[in-house]
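Notes for the structure review
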Protein chains: 2
Amino acid sequence: MKIIVADDHHIVRQGLLALIQTARVGSIIADVDSGEKAWQHILRHEPDIAILDITMGEVSGLSVCQRIKARGLKTRVILLTMHSDIKVIDNALEAGAHGYLPKSDAFHSLIKAIHTVHTGGQYISDSHQSELQSYRNNKTDFELTIREKEVIHHIALGQTNKEIGKALFISAKTVDAHRTRVMKKLGFKKTAQLVRFAIEQGLSL
Amino acid sequence: MKIIVADDHHIVRQGLLALIQTARVGSIIADVDSGEKAWQHILRHEPDIAILDITMGEVSGLSVCQRIKARGLKTRVILLTMHSDIKVIDNALEAGAHGYLPKSDAFHSLIKAIHTVHTGGQYISDSHQSELQSYRNNKTDFELTIREKEVIHHIALGQTNKEIGKALFISAKTVDAHRTRVMKKLGFKKTAQLVRFAIEQGLSL
DNA sequence: AGATAAATAGGGTATTTCCCCTATATCGGC
DNA sequence: GCCGATATAGGGGAAATACCCTATTTATCT
């Protein structure tokens, strides 16, 4: 079994190499530190399995995964992440990943994932599986309306509902309604989380 | 040389163990997956070196580092992070870290860091060193105490005063006092502004 | 020794957030 | 013409905040 490992963190690559060697589960034909290098290598050698970190500089593991799917290559993909966010897992599987593994997971999970994926199956940990199920069942479209984004923008600037109301020529109560709806959509409970989201999504400019 | 490794990602721990064993640079007496466990272990066994991830669940490596400094333990700390943000490095060193290492750094950097730190030196990569110099030269001193930064960190995570109090073993009223003092120092009036500040200043890790 | 700063924590109050509810008007799609 | 989504807005209440105050302890500096 030919395996390629891609992660921008040298220590993580070392860990993966050590684990895979110990388990004698296959041979690593390459370990690279970027999505772009991974893609070049996969295109040329079409390995059996690609273990890709999601967050890697310019070309993410997700992006490489989509390219593999688009080209119809036989390489099967296991995506790795730091935090096991259910939204990210959903994205990963929709991008065509055959397996999903949080970095916090232990040795045997990795080996199990490699085996499962190689024999044509899909690997997700049991706990994530059930979580994903319920997430997909009641995932109400996460898209925010223009007005909602506008309100978030003002919230991230540190304005109160009253101030935002004045700025947008609506009542503070309406602002509160928008705010509450957004919170519900995103599953947040505090303004702080919303501000963080706004900054990360570029809604605060 | 006794070394403890703390990182919530199993694969990263494996990588560190493999590297340290290969280099025969010391013996790892423990590897744990949380800041709390690390702190308990360090308190009891006072190892020579603690290699701590900064971002670990509730108790960060930064926080463990501060505790070690406060207790005057001989354990020397090397902090690890994903992204080499200069603000985070500055925070880490001010928190009492003896070394700073991005996870993307290679084998020899880790070994060099361990050696340097063990012999009483401070390790940062050369490129980061010069960057840090210029950053510190023109950073406008906001004069926040370590405790205040710690509180801000939790606020930016979206925790309430009550929750922060529990996490830091102080009353919610004290958290409120810190919060109010920071607001006054920085001229803020809302949590949102504080969250923005924390993210921009790299205090949110 | 005295001053200063930091961390602790309580009392009190006004404001704000968070979240439940109902209700109306508008607009686009089927 | 009706349905669903969006935007509007109000009632109400529990929780959290922002900000005023005082006060003690510990540590550091002069």
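Residues numbered from 1 in each chain as written. Chains lettered and ligands numbered in written order. Predicted model: local features only at pLDDT ≥ 70, side-chain atom pairs only at ≥ 80, totals over all residues. Heavy atoms only, no water.

- The name given to chain A in an unreviewed UniProt entry is DNA-binding response regulator, and the organism recorded there is Pseudoalteromonas rubra.

**Regarding the overall build of chain A**
- When you go through chain A residue by residue, the secondary structure sums to 10 helices and 5 strands.
- Projected onto its principal axes, the C-alpha coordinates of chain A cover approximately 65 × 30 × 30 Å.
- Within chain A, the proportion of its 205 residues that are buried is 51%.
- Element-wise, carbon and sulfur atoms account for 50% of the exposed surface of chain A, whose accessible area totals about 10000 Å².
- Looking at chain A, you have 27 positive and 22 negative side-chain charges, and the mean spots of the two groups are 4 Å apart. (Helix = DSSP H or I, 4+ residues; strand = E, 2+ residues; numbered from the N terminus. Buried < 20%, exposed > 50% of the residue type's maximum accessible area, 1.4 Å probe, protein only. Areas by Shrake-Rupley, 256 points an atom, 1.4 Å probe, with all protein chains shown as cover. Lys, Arg positive; Asp, Glu negative; His and termini not counted. Charge placed at Lys NZ, Arg CZ, Asp CG, Glu CD.)

**So, helix 9 (residues 172-186) of chain A**
Residues and elements named next belong to chain A.
- Counted at 1.5 Å a residue, the expected span for helix 9 with its 15 residues is 21 Å, and the 21 Å between its end C-alpha atoms agrees.
- Here helix 9 has its buried residues at Val-175, His-178, Arg-179, Val-182, Met-183, Lys-185 and Leu-186. Angular distribution of buried residues about the axis of helix 9 spans 165 degrees; they occupy a single face of the element. Residues of helix 9 that are exposed and point more than 90 degrees away from the buried face comprise Lys-173 and Lys-184.
- The opening residue of helix 9, the one whose side-chain oxygen lies 2.8 Å from the backbone nitrogen of Lys-173, is Ser-171.
- Following helix 9 by one or two positions, Gly-187 adopts a phi angle in the positive range, close to 75 degrees. (Expected span 1.5 Å × (residues − 1). Arc of directions from axis to C-beta. Polar contact = N/O pair within 3.5 Å; in protein donor to acceptor, adjacent residues only side chain to side chain.)

**Quick notes on the domain arrangement of chain A**
- According to the domain assignment, chain A contains domain 1 (2-137) and domain 2 (146-200).
- The C-alpha-based centres of domain 1 of chain A and domain 2 of chain A are spaced at 37 Å. (Domains from an automatic or database assignment.)

**What to know about the interface of chain A and chain B**
- In this complex, chain A contributes 30 residues to the contact, which on the side of chain B involves 29 residues.
- Summing both sides of the interface, chain A and chain B together bury roughly 2600 Å²; the carbon and sulfur share of this comes to 70%.
- The three residues of chain A that bury the most area against chain B are His-9, Ile-11 and Arg-196 of chain A, which together make up 25% of that side's buried surface.
- Our count for the chain A to chain B interface comes out at 0 salt bridges.
- Here chain A is connected to chain B by 5 residue pairs in polar contact (both at pLDDT 80 or more).
- Put simply, the parts of the chain that give the side of chain A that touches chain B at least two residues each are helix 1 (10-23), helix 7 (146-156) and helix 10 (191-200) of chain A.
- No other element matches helix 1 of chain A, which puts 8 residues into the side of chain A that touches chain B.
- Tallied by class, residues from the side of chain A that touches chain B come to 15 nonpolar, 10 polar and 5 charged. (Contact = heavy atoms within 4.5 Å. Buried area = accessible area lost by both parts, 1.4 Å probe. Salt bridge = Lys/Arg side-chain N within 4 Å of Asp/Glu carboxyl O. Nonpolar A, V, L, I, M, F, W, Y, C, P; charged D, E, K, R; others polar.)

**Quick word on the layout of surface pockets**
Residue and element names in this part refer to chain B.
- What the second largest pocket holds in volume is close to 640 Å³.
- Every residue lining the second largest pocket is counted, 28 residues in all, and those nearest its centre are Ser-63, Gln-66, Arg-147, Glu-150 and Leu-168.
- Secondary-structure elements contributing two or more residues to the lining of the second largest pocket are helix 3 (61-71), helix 4 (86-94), helix 7 (146-156) and helix 8 (161-168).
- Here the lining of the second largest pocket is built from residues that sort into 12 nonpolar, 8 polar and 8 charged.
- Inspection of the lining of the second largest pocket shows a minimum of three residues originating in each of domain 1 (2-137) and domain 2 (146-200). (1 Å grid on protein atoms, 1.4 Å probe; cavity = no way out; pocket = protein on both sides within 12 Å on 5 of 7 lines; lining within 4 Å. Points joined across faces, edges and corners; volume = space filled by probe spheres on them.)

**Quick look at the packing of aromatic side chains**
Residue and element names in this part refer to chain A.
- All chains considered together, the criterion is met by 2 aromatic pairs over all chains.
- Ring centres of Phe-188 and Phe-197 lie 5.9 Å apart, and the angle between their planes is 70 degrees; this geometry places the pair in the edge-to-face category. Across the pair, Phe-197 and Phe-188 agree in class, each one buried. (Phe/Tyr/Trp six-rings, centres within 6.5 Å; stacked < 30°, edge-to-face > 60°.)

**Some details on the nonpolar core**
- By size, the foremost hydrophobic cluster in this structure holds 38 residues, and its most contacted members are Ile-51 and Ile-114 of chain A together with Ile-51 and Ile-114 of chain B.
- Beyond its immediate sequence surroundings of up to four residues, Ile-114 of chain A is in contact with Met-1, Ile-3, Ile-20, Val-25, Ile-49, Ile-51 and Ile-78 of chain A. (Core = buried A, V, L, I, M, F, W, Y, C linked by side-chain atoms within 4.5 Å.)

**With respect to the pattern of salt bridges**
Residue and element names in this part refer to chain A.
- By the definition in use, this model includes 20 salt bridges over all chains.
- Across the pair Asp-31 and Arg-13 runs a salt bridge, and its minimum N-O distance is 2.8 Å. With Asp-31 in strand 2 (residues 27-32) and Arg-13 in helix 1, this residue pair connects regions lying 18 residues apart in the sequence.
- Ionic pairing is found between Arg-181 and Glu-148, a salt bridge with its closest N-O pair at 3.5 Å. A residue pair is termed long-range when its members are at least 10 positions apart, and Arg-181 in helix 9 and Glu-148 in helix 7 qualify at 33 residues.
- What makes Arg-181 partly exposed here is its relative accessible area of 40%.
- Overall, the relative accessible area of 2% leaves Glu-148 in the buried class.

**Some words on the UniProt feature "modified residue: 4-aspartylphosphate" (unreviewed entry) in chain A**
- Residues annotated by UniProt as "modified residue: 4-aspartylphosphate" (unreviewed entry) correspond here to Asp-53 of chain A.
- With respect to the helices and strands, Asp-53 of chain A occurs in strand 3 (residues 49-53). (UniProt positions renumbered as here; feature names shortened; annotations may be inferred.)

**A few points about the protein's contact with DNA strand C**
- Around DNA strand C sit 23 residues in total, of which Asp-176 and Thr-191 of chain A together with Ser-171, Lys-173 and His-178 of chain B are the nearest.
- The protein-proximal atoms of DNA strand C, defined as those within 4 Å of the protein, are 67% sugar or phosphate.
- Taking Ser-171 of chain B, its main chain carries an N or O atom lying 2.7 Å from a phosphate oxygen of DNA strand C.
- Where the surface near DNA strand C is concerned, the elements lending two or more residues are helix 8 (161-168) and helix 9 of chain A together with helix 9 (172-186) of chain B. (Near = heavy atom within 4 Å.)

**A few points about the environment of Ser-104 of chain B**
- Looking at where Ser-104 of chain B falls in the secondary structure, it is placed in the loop between strand 5 (99-102) and helix 5 (107-118).
- Placed 62 residues apart in sequence, Ser-104 of chain B and Lys-166 of chain B show a C-alpha to C-alpha distance of 34 Å.

**Brief notes about the pairing of strand 3 (residues 49-53) of chain B**
All names here are of chain B.
- The buried count for strand 3 comes to 5 of 5 residues, which makes it a mostly enclosed element.
- Neither face of strand 3 is open: one carries Ile-49, Ile-51 and Asp-53, the other Ala-50 and Leu-52, and all of them are buried.
- Here 5 bridges tie strand 3 to strand 4 (residues 76-81), and the two strands are oriented parallel to one another. Paired with Asp-53 across the bridge in strand 4 is Leu-80.
- In this fold, the crossover linking strand 3 to strand 4 by way of helix 3 has right-handed handedness. (Pairing = 2+ DSSP bridges. Right-handed = clockwise from strand over helix to strand, strands pointing away.)

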